[in-house]
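Here is what each chain is made of, one letter per residue.
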Amino acid sequence: MNRIKAKLERLGLPGIIGIGLLLFCLSFFFGNVQPLEDELASLGREQKRLSASLQTSPTRAQGARALTLGATPELLKQLDAVARQYGIIPGPASYQLKSGEGGRRFEISLPLKAPYPALRQYLHQALSLAPNATLDELSLQRAQATDPAVEVQLRFSFALAGAP
């Protein structure tokens, strides 16, 4: 005990404060900065994977059958099944058929509440359900910063075969 007391006396108040700051900085780095760096690296890998799949998806979409109006009920069931696969319970959906310059589209507006990682997986899989699927709107909101789930409003569009 006397040795420790002697060493502390030799360090003095500035030395003790310096050691305290060093310990605080180390704990802050390993508790806050390092996990964020790991998540950033993970997002970078996912971005590369999605970029690679985006470059190959036009050829895959051209070879796939286009979505028909009769297949839309099955598409709605698949969207619901994918959501439930990731533990997401969708709210009441609204959908409509729109015609424009690019042809006919089936639009689905959908509210969700989900953790952000599950939402990303859901969106990735939902957009791969049909060729020429697009995510037209994505709105994220948290009630509080500490909430693990985000409230989401999204709108998908699916191009239909046989444009008028």
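Residues numbered from 1 in each chain as written. Predicted model: local features only at pLDDT ≥ 70, side-chain atom pairs only at ≥ 80, totals over all residues. Heavy atoms only, no water.

K.L.:
What is the right way to read the packing of helix 2 (residues 72-85) against helix 3 (residues 116-127) from this model?
P.N.:
When two helices pack together, their arrangement is given by the angle between their axes and by how far apart the axes lie. Viewed as axis vectors pointing N to C, helix 2 and helix 3 meet at an angle of 155 degrees, and their least axial separation amounts to 9 Å. One finds that helix 2 runs roughly antiparallel with respect to helix 3. Considering how the two elements wind past one another, helix 2 and helix 3 form a crossing that is right-handed. Of helix 3, the residues touching helix 2 (which contributes Leu-79, Val-82, Ala-83 and Gln-85) are Tyr-122, Gln-125 and Ala-126. For the contact of helix 2 with helix 3, the per-class residue count stands at five nonpolar, two polar and no charged. (Axes fitted to C-alpha atoms, helices over the stretch in contact; angles between N-to-C directions. Helix = DSSP H or I, 4+ residues; strand = E, 2+ residues; numbered from the N terminus. Parallel < 35°, antiparallel > 145°, perpendicular 65-115°, else oblique. Left-handed = near helix turned anticlockwise from the far one by under 90°. Contact = heavy atoms within 4.5 Å. Nonpolar A, V, L, I, M, F, W, Y, C, P; charged D, E, K, R; others polar.)

K.L.:
Would you explain helix 3 in this entry?
P.N.:
Since the α-helix turns once every 3.6 residues, residues separated by three or four places project in the same direction. The terminal C-alpha atoms of helix 3 lie 17 Å apart, and with twelve residues this matches the ideal 16 Å at 1.5 Å per residue to within 8%. Elements in contact with the buried residues of helix 3: helix 2, strand 2 (103-115), strand 3 (133-141) and strand 4 (149-159). (Expected span 1.5 Å × (residues − 1).)

K.L.:
Would you mind going over the packing of aromatic side chains with me for this structure?
P.N.:
The geometry of an aromatic ring pair is captured by two quantities: the separation of the ring centres and the angle between the planes. Enumeration according to the criterion identifies five aromatic pairs in this entry. Taken together, a centroid distance of 6.2 Å and an interplanar angle of 25 degrees make the contact between Phe-24 and Phe-28 stacked. In this pair, Phe-24 and Phe-28 are both assigned in helix 1 (residues 2-63), four residues apart and thus about one turn of the helix distant. Centre to centre, the rings of Tyr-122 and Phe-156 are 6.4 Å apart; their planes meet at 65 degrees, and the pair counts as edge-to-face. Residue Tyr-122 is located in helix 3, and its partner Phe-156 is located in strand 4; the two are separated by 34 residues in the primary sequence. By the burial criterion, Tyr-122 is buried, and Phe-156 matches it. (Phe/Tyr/Trp six-rings, centres within 6.5 Å; stacked < 30°, edge-to-face > 60°. Buried < 20%, exposed > 50% of the residue type's maximum accessible area, 1.4 Å probe, protein only.)

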